[in-house]
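Listed below are the residues making up each chain.
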Amino acid sequence: MRIEITSKPVSVTDSIRHRVHAKFEKLARHDVPLLNPHVMIDKEGQEYQVEATVAVPSGQLVATGQHQDMHVAINQMGQKLERQLVKLAAKETARRHDRTNQVAAEADEAIEAAEDAA
């Protein structure tokens, strides 16, 4: 997976690149295609701000992490993205989106009403 990492105030080292790739490899396990991931690293005062945008088939995910340690900020960003992906993947199987039980119950009621009428 090709991840675009940009930063003006901080040089992107191999350690940073490896940490970001590890987070996105963990996200790839959720069987949701991640399209055009982009990570921006910025420094505001003493804190690092890491922002990631990832396109998925049903929209776009955006997460940020802020901390004085850059690696902690990257971890926060990865955890937020993972929560969004879990929520996105669970929507397909969520009970409120599944109307098959409701349709089946209505069909059973119609059959029972027809049998009672006969």
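Structural data are supplied above this passage.
All values derive from a computational prediction rather than experimental measurement.

Asker: Describe in detail the side chain of glutamine 49, supporting the description with residues and values.
Answerer: Following the sequence through the fold, glutamine 49 ends up in strand β3 (residues 47-56). Not counting residues within four places of it along the chain, the set of residues in contact with glutamine 49 comprises Met40, Ile41, Asp42, Glu44, Thr64, Gly65 and Gln66.

Asker: Quick one: what's the story with helix α1 (residues 14-28), residue by residue and with numbers?
Answerer: Relative to the 21 Å expected for 15 residues at 1.5 Å per residue, α1 spans 21 Å between its end C-alpha atoms, a close match to the ideal helical length. Turning to α1, its buried residues number three or more, namely Ile16, Val20, Phe24 and Leu27. When α1 is viewed along its axis, its buried side chains cluster within an angular range of 60° and face the same direction. In this structure, α1 carries Asp14, His18 and Glu25 as exposed residues pointing more than 90 degrees from its buried face. Tucked inside the fold, the buried residues of α1 contact β1 (4-7), β2 (35-44), β3 and α2 (70-91).

Asker: Residues and numbers for α2, please.
Answerer: Taking 1.5 Å as the rise per residue, α2 with 22 residues should run 32 Å; its terminal C-alpha atoms sit 32 Å apart, in good agreement. On its buried face, α2 sits against α1, β2, β3 and β4 (59-67).

Asker: Any details on the nonpolar core? Residues and values, ideally.
Answerer: With 24 residues, the main nonpolar core has Val20, Phe24, Val39 and Leu81 as its most contacted residues. Elements supplying a minimum of two residues to this core: α1, β2, β3, β4 and α2. With six residues, α2 is the largest single contributor of residues to this core. Among residues more than four places away in sequence, those in contact with leucine 81 are Phe24, Leu27, Ala52, Val54, Leu61 and Ala63.

Asker: Tell me about a negative patch on the surface, and please be specific about residues and values.
Answerer: On the surface, a cluster of negative charge is contributed by Glu109, Glu112, Glu115 and Asp116. Along the polypeptide, glutamate 112 turns up in helix α3 (residues 100-117).

Asker: Can you tell me about the sheet that holds β2, naming the residues and giving the values?
Answerer: Ordered by their spatial adjacency, four strands build an open sheet running β1-β2-β3-β4, and the pairing between neighbours is mixed. Every interior strand has two partners, whereas the edge strands, β1 and β4, have only one. Neighbour-to-neighbour, the strand axes of the sheet open up by a mean angle of 15°, direction not taken into account. Of the strand pairs in this sheet, β3 and β4 are connected by nine bridges, and their pairing is antiparallel. When the bridges of β4 are listed, valine 56 appears paired with glycine 59. Contacting β1, β2 and β3, α1 crosses the sheet at an angle of about 135° to β2. Contacts from α2 reach β2, β3 and β4 within the one sheet, and its direction differs from that of β4 by about 150°.

What counts and how
Just so you know, the residues in each chain are numbered from 1, in the order the chain's sequence is written. It should be noted that, the model being predicted, local features are given only for residues of pLDDT at least 70 and side-chain atom pairs only at 80 or more, the latter also being counted only at that level, while totals for whole chains, interfaces and linings use all residues. Side-chain measures were taken over the full set of non-hydrogen atoms in the model, leaving aside hydrogen atoms and water. Helix and strand definitions follow DSSP, with helices as H or I runs of at least four residues and strands as E runs of at least two, each counted in order from the N terminus. Contacts between residues were defined by any pair of non-hydrogen atoms, one from each residue, lying within 4.5 Å. Helices are assigned an expected span. That span is 1.5 Å times one less than the residue count. Partly exposed describes any residue whose relative accessible area lies between the buried limit of under 20% and the exposed limit of over 50%, with all areas from a 1.4 Å probe on protein chains only and scaled to the type maximum. What the arc describes is the spread of directions from the helix axis to the C-beta atoms. Only buried Ala, Val, Leu, Ile, Met, Phe, Trp, Tyr and Cys residues count toward a nonpolar core, and they belong to the same one when joined by side-chain atoms within 4.5 Å. Nonpolar side chains (Val, Leu, Ile, Met, Phe, Trp, Tyr) within 5 Å and like charges within 9 Å form the patches, drawn only from residues with over 30% relative accessible area and no salt bridge. Note that accessible areas follow from Shrake-Rupley with a 1.4 Å probe, and for residues the cover is restricted to the protein chains shown. Only one rule defines a salt bridge in this text: a Lys or Arg side-chain nitrogen within 4 Å of an Asp or Glu carboxyl oxygen. We count Lys and Arg on the positive side and Asp and Glu on the negative side, and we leave His and both chain ends out. For the purpose of locating charges, the reference atoms are NZ of Lys, CZ of Arg, CG of Asp and CD of Glu. A pair of strands is labelled paired if DSSP reports no fewer than 2 bridges between them. Lines fitted to the C-alpha atoms define the axes, with helices restricted to the stretch that makes contact. Angles between their N-to-C directions range from 0 to 180 degrees.

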